[in-house]
Structure formats: C-alpha cells, structure tokens
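Structural features, examined
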Amino acid sequence: MTIEHFDVLIVGAGLSGIGAAHHLQQRCPGRRYAILEARERIGGTWDLFRYPGIRSDSDMFTLGYVFRPWTAAKAIADGPDILRYVNDTAREAGIDRHIRFQHRVKKASWSSDDARWTVEIERGSEREPLRMSCDFLYFCSGYYRYDRGYAPDFAGVERFRGRLVHPQAWPEDLDYRGKRVVVIGSGATAVTLVPAMAGEAAHVTMLQRSPTYVLSLPARDVIGNALRRVLPSRAAYALTRWKNVLLGQFFYQLCRRRPALAKKLLRKGVAAQLPADFDVDTHFKPRYNPWDQRVCFVPDNDLFRAIRQGRASIVTDRIEGFTEHGVRLQSGAELAADIVVTATGLQLLALGGAQLTVDDRPVDLAKTLSYKGLMLGGVPNMAYCIGYTNASWTLKADLASTYVCRLLNHMARCGYRQCVARNTDPRVREEPLIDFSSGYVQRAIDQFPKQGSRAPWKLRQNYLLDLLNLKYGRIQDDALQFSGEPTVVEAAAGAGS
C-alpha cells in the first residue's frame, strides 16, 4: 500500500490549524502539507459549541490572526461570527483544499533511520485505517476533549424529570422559552449562558459552588472602531491589537503583583453594576487571587443587567443531590427547574489523544519536558500549539506557527533532516505545564508534559517575551540538536526563506 507523504502534517482545522497553514503557505511556500481534521467541518471549538450566546472571552483584535484584520464592529464577538472568520480565512487562502476531514489521528511513530513520521489514522464514520507520513508533525488540536465535557456524578440525577443538558452537547431541539432554568457553574460558559437564556426563559439561576472573578468589558472597542475610520484597515488593526495586548499585560501583572488592589478594583466594578442590597461578597468574592484561575469577561454588563432586571439570580451553595423537580442544596433549599444545564467544565486531552512513539519506544507525555512551550524534549520534528491562559489564544498560536516556519527554513538552509530538544541542564526543575488552580486543569494536568524552571524549558505566559524569543530569537541553542544530510526538496524549500 502506497503511503502518501507530506513535508508537514497539521493536526486540527480549528483556529490554530488554519492559522498554522496560512503561516506555512506564506513563510515556507515550497512545503507540501495537509491538515488532518477529525470532525466534518472547519472551526474546532467555534464549530463544536452551539449553546446560546456563545462568544469570545477575549477581544477579537487579539483573538484574530495577526495576518488578517478583524473588521466587524463587535470586539467581543459571537461564535457564528468567529466561525465565519475562520472559514473565510481558509477559503480565501485556499487552505480548505488541503483539509482531510474525518481523519482522526490515533498514533504517530517516528523513525530516526528514515527521518520521518508515520501517522496512523481512522478515516470516516467506518473508521477505515489509513497511514500517511511526513517530515514534520504539528499538533494544532488544542487541549480540550471534543467528544464529551466534564460532568460530575451528581446524586439522584436519574430522578430528575426535567431535561439535563451539557453545553458541549447542546441539543438543537431544546426549547427553554418560559421555562425555569438552573445553570450549574461559575466559569465563562455559565456567565455566557445565563444572560443569553434569561431573555426567553421564565427565570435563570446560576448555581455556583464558589464565585469567580468577573469583569465587564465593552462589546465594541471604541478606539479600534475610531481608528478604522481614519486609517487603513491593517494599520488600525495593528494599533488596536497592540493597545489591547499592552492593556491585557498591565491588568495581568497588576493582578499578580498587587492582588489585594486588584481584588478591590474588581469588587468595586461588580458592586457598581448590582443593586445596593446585593450580597456581593457571597456571590462575587472568590477565595483565590485574580488569575489563579481565568477572569471571566462579560460584554456590556449583560450578566449584571439580567440580575438587576430580575430575569436571573445567583445562588452560592453546594449540591446535595437532584430531586424530581430540581436541585436540592446542602443548605436545605431546593431550586425548582424544568431544565438544568451542567456548565461544569471541560476535560483536557493532550495531542487529541494521539499516541507517540520514537524509534519504537512509546512516549510518556507526563515524563517529557516542554521546550519553548511548543516542542517536547526527546521527540524529534514535532511541535504542538497551545495558547495563553492569561491572554488571547491566537497571540501564542501565531507566534508558535511563526517559530515552526523559522525552524523548518533553518533546517532546510543548513541541510538538517532532524531536530530534537534535549535538556542537559541539571539546574532545570520540573513544574506543571499550566500553573492554574482551576478544576479542569487540576483534574488532568498530571497527564500533560512538564515545563522547566528555566529557559528554554519555561512556559512563559507573556506575549512580549515570547515575541522576542519565538519570532526574533536565535533558532539554535544548547538544547536543540540537529542532524542529517540535506535533500533536494529541503534545499529548494529553504532557498527563499
């Protein structure tokens, strides 16, 4: 059986994968590539999630691609608009012609003798086995599990006579008009769902075990929209993007360096949007410091407006179990519900669940060390893309793909066929890859690679430092080892880099 071979295989046709392909076409035009997408459509997260009100929790001037200006009026964009943006990017650049849909990567095996990956795939609904090979493998599949979300084992849930829904599997036929809805959760999904459903439901209650930091932002960027009226689109986009990057970094650093002040400011902002007699400390005063978990952003005060208008409410309590008619709390109260939405979080999954082997030896991801936040120690010719936890995902995705292209061109220019990161510094200590106290992270982080305590093994959550390092820094360092002889294809590919 003939195995189709590519210079680069990209795994995932979501926001990251489409962006990676665009960078590859621009910066490495001689490379032959394909995108392997497990689902039937482009868009990843923005195609999968269909719950009411789904939107970005970052502004689109930074969540948008660096190479494609966001031109819509709203900076906090609705999910369908973001999906359209990703699809338009793929179609206009011809990237959609390179996508192999319903190609689920199950295993990838590296051979040092051949200097290539052999990728085992399940194709289509029949899960037909298929193999492809490539010189470089780039995972852009994010770190969420797509087939199911996290659902706690609630006592008595089988007794509930209403409808139980998880946002990750939102049913098209769900009619919540005039219904009593309880949304379990306090994260970004919950604070999105509550005001979105409150417009048509009889009442929506957000039931949380503990509060989350919430900050309201304007849905439209006044400065960005004003700049677009007087400057060319790309110039206005670049200026607004940098404005928002710097403001985001300032806010993050304030939270980390002056947590007491940040708490005070966040509480003041919430209290200003709620009735004078609202118990702010019970429902909006978390036990942790800002950015120990993600801060939830709401556009134009929509959550607070729904609470002020009496269409929504917040209950902070623990769940004892379900009853026939709703949810019983540990306080003894019962929340009556026709529909319960379990916005209880997602499940993390590294590399989309794909298994790796290097020269017939299985790779234990939990025992690998992350190099520059995008490669794995001891795993040749492979990179992965994950975004920031404290800023827009795409800021890091753009930089990661830029670095991968620089690396490929460097290898072609110098005649290298293999590159692998190896830690030889005994001073480097292992640390969790994602330093977050959120439940969805803590449940799965031990299955992920580690980061190191020192560069280049340290995963920085800092766009400015990563920009200098990944876009402008040296490719070769003491940790990255190269080997191999040049080929005709690689020499041609590197000629114009």
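Residues numbered from 1 in each chain as written. Predicted model: local features only at pLDDT ≥ 70, side-chain atom pairs only at ≥ 80, totals over all residues. Heavy atoms only, no water.

Remarks on the state of the cysteines
Under the criterion given, the structure shown has zero disulfides. Free cysteine cysteine 414: the closest other cysteine sulfur is in cysteine 419, separated by 12 Å. (Disulfide = S-S within 2.5 Å.)

Considerations on the sheet that holds strand 13 (residues 319-322)
Taken together, three strands build an open sheet; the order of strands is 13-14-15 and the sheet is antiparallel. The outermost strands of the open sheet, each flanked by one partner alone, are strand 13 and strand 15 (334-336). Across the sheet, the mean angle from the axis of one strand to that of its neighbour is 25°, orientation sign disregarded. In this structure, strand 13 lies alongside strand 14 (residues 326-329), joined through three bridges in antiparallel fashion. The partner of phenylalanine 322 across the bridge, within strand 14, is valine 327. (Pairing = 2+ DSSP bridges. Helix = DSSP H or I, 4+ residues; strand = E, 2+ residues; numbered from the N terminus. Axes fitted to C-alpha atoms, helices over the stretch in contact; angles between N-to-C directions.)

Digging into the layout of surface pockets
The volume enclosed by the second largest pocket comes to roughly 630 Å³. Forming the boundary of the second largest pocket are 28 residues, of which Asp59, Leu217, Asn244, Leu247 and Gly248 lie nearest the centre. Elements with a contribution of two residues or more to the lining of the second largest pocket: strand 10 (214-217) and helix 7 (233-257). Split into classes, the residues belonging to the lining of the second largest pocket amount to 15 nonpolar, seven polar and six charged. (1 Å grid on protein atoms, 1.4 Å probe; cavity = no way out; pocket = protein on both sides within 12 Å on 5 of 7 lines; lining within 4 Å. Points joined across faces, edges and corners; volume = space filled by probe spheres on them. Nonpolar A, V, L, I, M, F, W, Y, C, P; charged D, E, K, R; others polar.)

Observations concerning the sheet that holds strand 7 (residues 163-165)
The parallel open sheet is built from five strands, whose spatial order is 7-16-8-9-12. Two strands lie at the open edges of the sheet, namely strand 7 and strand 12 (312-316), each paired on one side alone. Between one strand axis and the next, the sheet turns through 20° on average, direction left out of account. Two strands pair when backbone bridges link them, and strand 8 (residues 180-184) and strand 16 (residues 339-342) are joined in this way by four bridges, in the parallel orientation. Directly across from valine 181, in strand 16, lies its bridge partner isoleucine 339.

Looking at the environment of leucine 348
With respect to the helices, strands and loops of the structure, leucine 348 is situated in the loop between strand 16 and strand 17 (355-358). Exposure remark for leucine 348: the relative accessible area of 6% places this residue in the buried category. For the pair formed by leucine 348 and alanine 336, sequence separation is 12 residues and the distance between their alpha carbons is 32 Å. Leucine 348 has contacts with Tyr143, Tyr144, Arg145, Tyr440, Val441, Ala444 and Phe448, leaving out every residue within four places of it along the chain. (Buried < 20%, exposed > 50% of the residue type's maximum accessible area, 1.4 Å probe, protein only. Contact = heavy atoms within 4.5 Å.)

Points about the packing of aromatic side chains
Here the structure, examined in full by the defined rule, presents 17 aromatic pairs. Residues tyrosine 143 and tyrosine 144 carry aromatic rings whose centres are separated by 5.2 Å and whose planes lie at 90° to one another, so their mutual orientation is edge-to-face. A relative accessible area of 25% means that tyrosine 144 is categorised as partly exposed. In textbook terms, an aromatic cluster arises when at least three aromatic residues are bridged by ring pairs, as seen for Tyr65, Phe67, Trp70 and Tyr85. Positioned over the ring face of tyrosine 150 is arginine 443, at 3.4 Å from the centre of the ring. (Phe/Tyr/Trp six-rings, centres within 6.5 Å; stacked < 30°, edge-to-face > 60°. Lys NZ or Arg CZ within 6 Å of the ring centre and 35° of its normal.)

Focus on the pairing of strand 14
Linkage of strand 13 to strand 14, two consecutive antiparallel strands, is achieved through a turn of three residues. Taking the residues between adjacent antiparallel strands as the criterion, strand 14 and strand 15 are bridged by four residues, where glycine 332 takes a positive phi near 100°.

Observations concerning the pattern of salt bridges
Counted under the stated rule, the structure contains 27 salt bridges. Between aspartate 173 and arginine 163 there is a salt bridge, with the nearest N and O atoms lying 3.0 Å from each other. With aspartate 173 in the loop between strand 7 and strand 8 and arginine 163 in strand 7, this residue pair connects regions lying 10 residues apart in the sequence. Taking the relative accessible area as the measure of exposure, aspartate 173 reaches 54% and is therefore exposed. Owing to a relative accessible area of 32%, arginine 163 belongs among the partly exposed residues under this scheme. The salt bridge partner of glutamate 431 is lysine 458, with a shortest N-O separation of 2.8 Å. Linking glutamate 431 in strand 23 (residues 430-432) with lysine 458 in the loop between strand 24 (450-452) and helix 13 (463-471), this pair joins segments that are 27 residues apart in sequence. Given a relative accessible area of 31%, lysine 458 falls into the partly exposed group. When salt bridges with common partners are traced through the structure, they connect Arg39, Arg41, Asp47 and Arg50 into a single cluster. (Salt bridge = Lys/Arg side-chain N within 4 Å of Asp/Glu carboxyl O.)

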